[in-house]
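# Coordinate inspection notes
Spelled out, the chains give:
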Amino acid sequence: MTFDNKEGTYFWSNGYAWGKCDIKGKDITLSVLSGELKLSSFSIRGLGTRKLNPQTLSANSTLKVRF
């Protein structure tokens with residue numbers, strides 16, 4: 001999953017799940033509001049990519065990443 005390096009709250013959807021991504025500086029909070037999201041990496045353009053242990057995030061779960 002990749003987002004631009006601009007602070008704000010962004011809606012995302014991939015056909016299996018949807019939610020929001022909050023970007024505040026180098027602190028990122030990814031929230032799954034419905035469905036299930038399989039995730040193994042997370043990227044912010046200009047900051048890089050974080051490899052994650054492959055995981056499935058379900059509805060009402062969050063993932064915090066610091067770049």
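Here, the structure is the one placed above.
The paragraphs below set out a description of the structure included in this document. (Residues numbered from 1 in each chain as written. Predicted model: local features only at pLDDT ≥ 70, side-chain atom pairs only at ≥ 80, totals over all residues. Heavy atoms only, no water.)

Looking now at a nonpolar patch on the surface. Where nonpolar side chains cluster on the molecular surface, the patch consists of F11, W18 and L33 and spans about 330 Å² of accessible area. Position of F11 relative to the elements: it lies in strand β2 (residues 8-13). For F11, a relative accessible area of 61% puts it in the exposed group. (Patch = residues over 30% accessible without salt bridge, like charges linked within 9 Å, V, L, I, M, F, W, Y side chains within 5 Å. Areas by Shrake-Rupley, 256 points an atom, 1.4 Å probe, with all protein chains shown as cover. Salt bridge = Lys/Arg side-chain N within 4 Å of Asp/Glu carboxyl O. Helix = DSSP H or I, 4+ residues; strand = E, 2+ residues; numbered from the N terminus. Buried < 20%, exposed > 50% of the residue type's maximum accessible area, 1.4 Å probe, protein only.)

Summed over all chains, the structure comprises 3 salt bridges. Between R45 and D4 there is a salt bridge; the shortest N-O distance is 2.7 Å. Remark: D4 occurs in the loop between β1 (2-3) and β2 and R45 occurs in the loop between β4 (27-44) and β5 (48-58); sequence separation between them is 41 residues. Of the residues examined, D4 reaches a relative accessible area of 39% and is grouped as partly exposed. The partner of R66 in a salt bridge is D27, and the shortest N-O contact between them spans 2.6 Å. Of this pair, R66 sits in strand β6 (residues 61-66) while D27 sits in strand β4, placing them 39 residues apart in sequence. When its relative accessible area of 54% is taken as the criterion, R66 is described as exposed. Taking the relative accessible area as the measure of exposure, D27 reaches 38% and is therefore partly exposed.

Attention now goes to the pairing of β6. On a regular strand, each side chain points to the face opposite its neighbour's, so the side chains alternate between the two faces of the sheet. On β6, burial follows the alternation: S61, L63 and V65 on one face are buried, whereas T62, K64 and R66 on the facing-out side are not. The pairing of β4 with β6 spans 6 bridges and is antiparallel. The residue of β6 that forms the bridge with S31 is T62. (Pairing = 2+ DSSP bridges.)

Let us now look at the packing of aromatic side chains. The final tally for this structure, using the stated rule, is 3 aromatic pairs. Between the aromatic rings of F11 and W18, the centroid separation amounts to 6.2 Å while the plane-to-plane angle is 35°, which identifies the pairing as tilted. Clustering of aromatic rings is evident, with ring pairs tying together F3, F42 and F67. (Phe/Tyr/Trp six-rings, centres within 6.5 Å; stacked < 30°, edge-to-face > 60°.)

This next bit is on the environment of W18. Relative to the helices and strands, W18 resides in strand β3 (residues 17-24). For the pair W18 and F67, spaced 49 residues apart in the sequence, the C-alpha separation amounts to 23 Å. With near-sequence residues (within four places) excluded, W18 lies in contact with F11, W12, S13, V32, L33 and S34. (Contact = heavy atoms within 4.5 Å.)

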